Amino acid sequence: GMAEYIAQTADWLDKIAPHFPDLPSVSLLITNMPVDRLVGSGKSTLMLLDFTPDNTFLTPQGVKFIDPWPQSTYQGSFLPSIGQFDTLLRRVYDIKIDPEYDAMRNQVANALARHLGLTSEQGAAHLRLGAILQYALSAFVRLEDDENQARQYYEQALSEVKKLVS
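Everything quoted here is computed from the prediction, not taken from an experiment.

Caption draft 1: Geometry of the packing of helix H5 (residues 120-141) against helix H6 (residues 147-165). As a packed pair, H5 and H6 sit with axes 8 Å apart at the nearest point and diverge in direction by 160°. Taken together, the axes of H5 and H6 are roughly antiparallel relative to one another. As for how H5 packs across H6, the hand of that crossing is left-handed. In this structure, H5 uses Ala-125, Arg-128, Leu-129, Ile-132, Tyr-135, Ala-136, Ser-138 and Ala-139 to contact H6, whose residues at the interface are Ala-150, Tyr-153, Tyr-154, Gln-156, Ala-157, Glu-160, Val-161, Lys-163 and Leu-164.

Caption draft 2: Looking closely at the packing of aromatic side chains. Under the counting rule described, the total for this entry stands at three aromatic pairs. Ring centres of Trp-12 and Phe-140 lie 4.9 Å apart, and the angle between their planes is 70°; on these two criteria the pair is classed as edge-to-face. Placement of the pair is Trp-12 in helix H1 (residues 2-16) and Phe-140 in helix H5, with a sequence separation of 128 residues. Lys-15 extends its terminal NZ or CZ atom over the ring of Trp-12, reaching a point 3.9 Å from the ring centre.

Caption draft 3: Focus on the pattern of salt bridges. Scanning all chains against the criterion turns up eight salt bridges. Between Asp-102 and Arg-90 there is a salt bridge, with its nearest N and O atoms 1.9 Å apart. You can see Asp-102 sitting in helix H4 (residues 99-115) and its partner Arg-90 sitting in helix H3 (residues 79-92), a full 12 residues away along the chain. Under the relative-accessibility criterion, Arg-90 is labelled buried at 17%. Linking Arg-151 and Glu-155 is a salt bridge whose minimum nitrogen-to-oxygen distance equals 3.4 Å. Taken together, the positions of Arg-151 and Glu-155, both in helix H6 and four residues apart, correspond to about one turn of that helix. According to the relative accessible area criterion, Glu-155 is partly exposed, its value standing at 33%. Taken together, the shared-partner salt bridges connect Asp-86, Arg-90, Asp-102 and Arg-105 into one network.

Thresholds, definitions, all that
Residues numbered from 1 in each chain as written. Predicted model: local features only at pLDDT ≥ 70, side-chain atom pairs only at ≥ 80, totals over all residues. Heavy atoms only, no water. Axes fitted to C-alpha atoms, helices over the stretch in contact; angles between N-to-C directions. Helix = DSSP H or I, 4+ residues; strand = E, 2+ residues; numbered from the N terminus. Parallel < 35°, antiparallel > 145°, perpendicular 65-115°, else oblique. Left-handed = near helix turned anticlockwise from the far one by under 90°. Contact = heavy atoms within 4.5 Å. Phe/Tyr/Trp six-rings, centres within 6.5 Å; stacked < 30°, edge-to-face > 60°. Lys NZ or Arg CZ within 6 Å of the ring centre and 35° of its normal. Salt bridge = Lys/Arg side-chain N within 4 Å of Asp/Glu carboxyl O. Buried < 20%, exposed > 50% of the residue type's maximum accessible area, 1.4 Å probe, protein only.

Below you can see the structure in the form of structure tokens.
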């Protein structure tokens, strides 16, 4: 569950760090973060490592998700996926968000956190972990075409990691 999410996030940060040697590499911080600090009651929900608007479609048959990453488990917390999705919409695609979206996201995130037996701080940490992964992925895909933008996303990931581990 969360250990795999943390490991995947650290791997992506490690792929980016050599491109910006003047910035600190923080994958060790995130890798050494105690996973039990993020675990609640032991209940789980669907956990996806690449839950993005590009992979999610609404069809007449319902919501469809394409291109899942191979994972050792798909059980864990869906909160990082919400953090990833939200970061991509707001910070990467810069989509203007309707205030109703915030209310809905908060309601869903709070309900999921309660279901998982998480404190509000743990729920916020799960959302932040998703943001970190999305910033890392967004930086990685821009390394060749837009190094300045890649650097900005990597710096955002670093900033979020520092908040997560403090």
